[in-house]
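# Secondary and tertiary structure notes
Here is how the chains run, residue by residue.
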Amino acid sequence: MAISSSSTFVSKTLKSSAPKASILNLNSSSPVKTHLKFNLNFNLKPPSLTLSFNPQKVKPLIKKSQRNGFEVKSLFTGIVEEMGEVKEIGVSQNDGGFDMKIKGKVVLEDVNLGDSIAVNGTCLTVTNFDKDLCEFTVGLAPETLRLTSLSELEVGSVVNLERAVKPSTRMGGHFVQGHVDGTGEIVGTEVEGDSLWIKVKTKPEILKYIVPKGFIAVDGTSLTVVKVFDEEGCFNFMLVEYTQQNVVIPLKKVGHKVNLEVDILGKYVERLLSSGFVGAMKS
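The following paragraphs examine the structure supplied in this document. Predicted, not measured: the structure shown is a model, and the values here were computed from it.

## As for the overall build of the protein chain
Looking only at helices and strands, the protein chain features 6 helices and 13 strands. For the protein chain, with 283 residues in total, the buried portion stands at 41%. Considering only residue pairs separated by 6 or more positions, the protein chain has 69% of its internal contacts joining residues 24 or more positions apart. Summed over all atoms, the accessible surface of the protein chain reaches about 16400 Å², with 53% contributed by carbon and sulfur.

Structure (structure tokens):
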């Protein structure tokens, strides 16, 4: 699929001089090499606290309904606008989840608190931003980390970024909700001319919705499935040269995970068939 022509500020060979922090590593004895580790089985003893209040240090918060998306519904197209760089990953001081700060430029042009931005295909809510520094912060819930590959990100990682569409936005890709169905593992890559073939293995409950010539969102990139290998539990797709230069997928190696979101239309069809809707219509 075509990718937005917005220029990217992130090089494919990004390097970070600061110590890398990953959500997979939470504990470290050295304060200089602090890492984050995603562990749902918390068994922490709360330290003794001395409460104090300094209004100058209080950060503005968005409304709960905005953060949890009770009324906010977003839609994406799978057309990556730019590649951003993870600047910080840490435990949130507000709700016990995780916060991730990302450097981006295009997606901040008209950003507001509570807006949705797809990060590697995962719809996340903007909780803070600084246009001067070209940085924004999103919250990560434990369920998000369980279902996506975002738990593998570390400081310096490059991510696909896309803003939610507006009524005037051209639908260059397909309907992408930013609700990741699960992950897949890259099991093979092959160069053919200036194109790149990539083969991904995933679970049967996801593979059943993937069809040849159908849509698939891989790390938030709208792509066309070429073949489905049911006996191997795999499917493949091809990236043209331009796409390779503007998304993060080619930066990943065999064994790395990618976020997958199948075409929502397949789920609706399955639901209608299993509910007896077709039989009721015939009768």
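Having seen the model, we can carry on.
## Brief notes about the pattern of salt bridges
Throughout the structure, instances matching the rule amount to 10 salt bridges. The partner of D181 in a salt bridge is K267, and the shortest N-O contact between them spans 2.3 Å. In this pair, D181 sits in the loop between β6 (158-163) and β7 (182-192) while K267 sits in helix α5 (residues 264-274), placing the two residues 86 residues apart along the sequence. Judged by relative accessible area, D181 falls into the partly exposed class, the value being 26%.

## Here we look at the pairing of β6
Successive residues of a regular strand alternate their side chains across the two faces of the sheet. By the criterion of burial, β6 is predominantly enclosed, with 6 of the 6 residues buried. Side-chain alternation along β6 places V158, N160 and E162 on one buried face and V159, L161 and R163 on a second face that is also buried. Examined bridge by bridge, strand β1 (residues 82-91) and β6 share 4 bridges and lie antiparallel to one another. Residue pairing across strands places G84 opposite V159, the latter belonging to β6. Where strand β3 (residues 116-119) and β6 come together, 3 bridges link them in antiparallel fashion. Following the sheet pairing, V119 is matched in β6 by L161.

## Examining the environment of V86
Along the polypeptide, V86 turns up in strand β1. Of the residues examined, V86 reaches a relative accessible area of 0% and is grouped as buried. Taking the C-alpha atoms as reference points, V86 and L153, 67 residues apart in sequence, are found 7.8 Å from one another. Contacts of V86, omitting those with residues within four sequence positions, involve M100, K101, I102, L153, E154, V155, G156, S157 and V159.

## Regarding the sheet that holds strand β12 (residues 234-239)
Pairing is antiparallel across the open sheet formed by 7 strands, whose spatial order is β10-β9-β13-β7-β8-β12-β11. In the strand order of this sheet, the two ends are held by β10 (221-224) and β11 (227-229), each with one partner. Taken pair by pair, the neighbouring strands of this sheet meet at an average axis angle of 40°, ignoring direction. Pairing of strand β9 (residues 215-218) with β10, which is carried by 4 bridges, proceeds in the antiparallel orientation. For F215, the partnering residue across the bridge sits in β10 and is T224.

## Brief notes about the side chain of N120
Structurally, N120 is set in the loop between β3 and β4 (122-130). We classify N120 as buried; its relative accessible area is 1%. Sequence-distant contacts of N120, defined by excluding residues within four places in its chain, comprise L150, L153, V159, N160, D219, G220, V248, K252 and N259.

## Some remarks on the sheet that holds strand β2 (residues 98-103)
Pairing in this closed barrel of 6 strands is antiparallel, and the strands run β1-β2-β5-β4-β3-β6 around the ring. Neighbour-to-neighbour, the strand axes of this sheet turn through a mean angle of 45°, independent of strand direction. In this structure, β1 lies alongside β2, joined through 6 bridges in antiparallel fashion. The partner of E88 across the bridge, within β2, is K101.

Criteria and cut-off values
- Residues numbered from 1 in each chain as written.
- Predicted model: local features only at pLDDT ≥ 70, side-chain atom pairs only at ≥ 80, totals over all residues.
- Heavy atoms only, no water.
- Helix = DSSP H or I, 4+ residues; strand = E, 2+ residues; numbered from the N terminus.
- Buried < 20%, exposed > 50% of the residue type's maximum accessible area, 1.4 Å probe, protein only.
- Contact = heavy atoms within 4.5 Å.
- Areas by Shrake-Rupley, 256 points an atom, 1.4 Å probe, with all protein chains shown as cover.
- Salt bridge = Lys/Arg side-chain N within 4 Å of Asp/Glu carboxyl O.
- Pairing = 2+ DSSP bridges.
- Axes fitted to C-alpha atoms, helices over the stretch in contact; angles between N-to-C directions.

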